[in-house]
Structures are given as C-alpha cells and as structure tokens.
Amino acid sequence: MLVAAILVFLAVASSVLVWDGLATGLAHGHELAHGELWRARLRFTTGVFVLAMVLWTGLGLLTHAR
C-alpha cells in the first residue's frame, strides 16, 4: 500500500512538472529569457522522465503480483 501511495505522489508531482513546463514553454504573447526557457524545458523533461519511471514501476508491480 505504501508503494502505491508513493507512486501516486510521484505521478502527480511529475504531472505538475510536465504541465508547468508546457505552460511556460508554450506561452504565447511574451518573450522568455533564455534561462527561463531552458528551465521550462528541464522541468518538462524531468516530469516526463519521472512519469515514465512511475508507469514502468507500476506496471512491473502489477505484472509480478501474485
């Protein structure tokens, strides 16, 4: 049960990172500084990577459960 709770927490946190990275990186109407755009891309990449790890771990737990 604790592992499932940790996976849900990580999934939500990484989804927030993906959303924030997309919202900042795809914002129309204003010019972003180079550093801010770089940080937005880093947040997006980190969120996608953590979300992929969560899905991989969750599917692994489901397929190996007895």
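Data block above holds the structure.
Residues numbered from 1 in each chain as written. Predicted model: local features only at pLDDT ≥ 70, side-chain atom pairs only at ≥ 80, totals over all residues. Heavy atoms only, no water.

1. Concerning the pattern of salt bridges
Applied cut-off: Salt bridge, as used here: a side-chain nitrogen of Lys or Arg that lies within 4 Å of a carboxyl oxygen of Asp or Glu. Secondary structure follows DSSP: runs of H or I at least 4 residues long count as helices, runs of E at least 2 residues long count as strands, and numbering of each begins at the N terminus.
Considering all chains together, one arrives at one salt bridge under this definition. The partner of R43 in a salt bridge is D20, and the shortest N-O contact between them spans 2.7 Å. Of this pair, R43 sits in helix α2 (residues 34-63) while D20 sits in helix α1 (residues 2-25), and the two are 23 residues apart along the sequence.

2. Focus: a nonpolar patch on the surface
Spelled out, the test is: Note that patches include only residues with greater than 30% relative accessible area and no salt bridge, and the join distances are 9 Å for like charges and 5 Å for nonpolar side chains (Val, Leu, Ile, Met, Phe, Trp, Tyr). Residue-level accessible areas treat just the shown protein chains as cover; the underlying method is Shrake-Rupley with a 1.4 Å probe. Any residue under 20% of the maximum accessible area for its type is buried, any over 50% is exposed, and the rest in between are partly exposed; the area is computed with a 1.4 Å probe on protein chains only.
Judged by side-chain polarity, L2, I6, F9 and L10 come together as a nonpolar surface patch covering roughly 420 Å² of accessible area. The topology assignment puts I6 in helix α1. Accessibility expressed as a relative area gives 43% for I6, which makes it partly exposed.

3. A look at the environment of T57
Note the threshold: Polar contacts, as used here, are pairs of N or O atoms within 3.5 Å; protein pairs need one atom able to donate a hydrogen and one able to accept it. Residues neighboring in sequence count only if both atoms are side-chain atoms.
Of note, T57 is situated in helix α2. T57 gets classed as partly exposed once you look at its relative accessible area, which sits at 37%. Here the alpha-carbon distance between T57 and V3, two residues 54 residues apart in the chain, equals 9.8 Å. From its side chain, T57 meets the backbone oxygen of M53 in a polar contact 2.8 Å long.

Taken by themselves, the reported measurements are silent on function.
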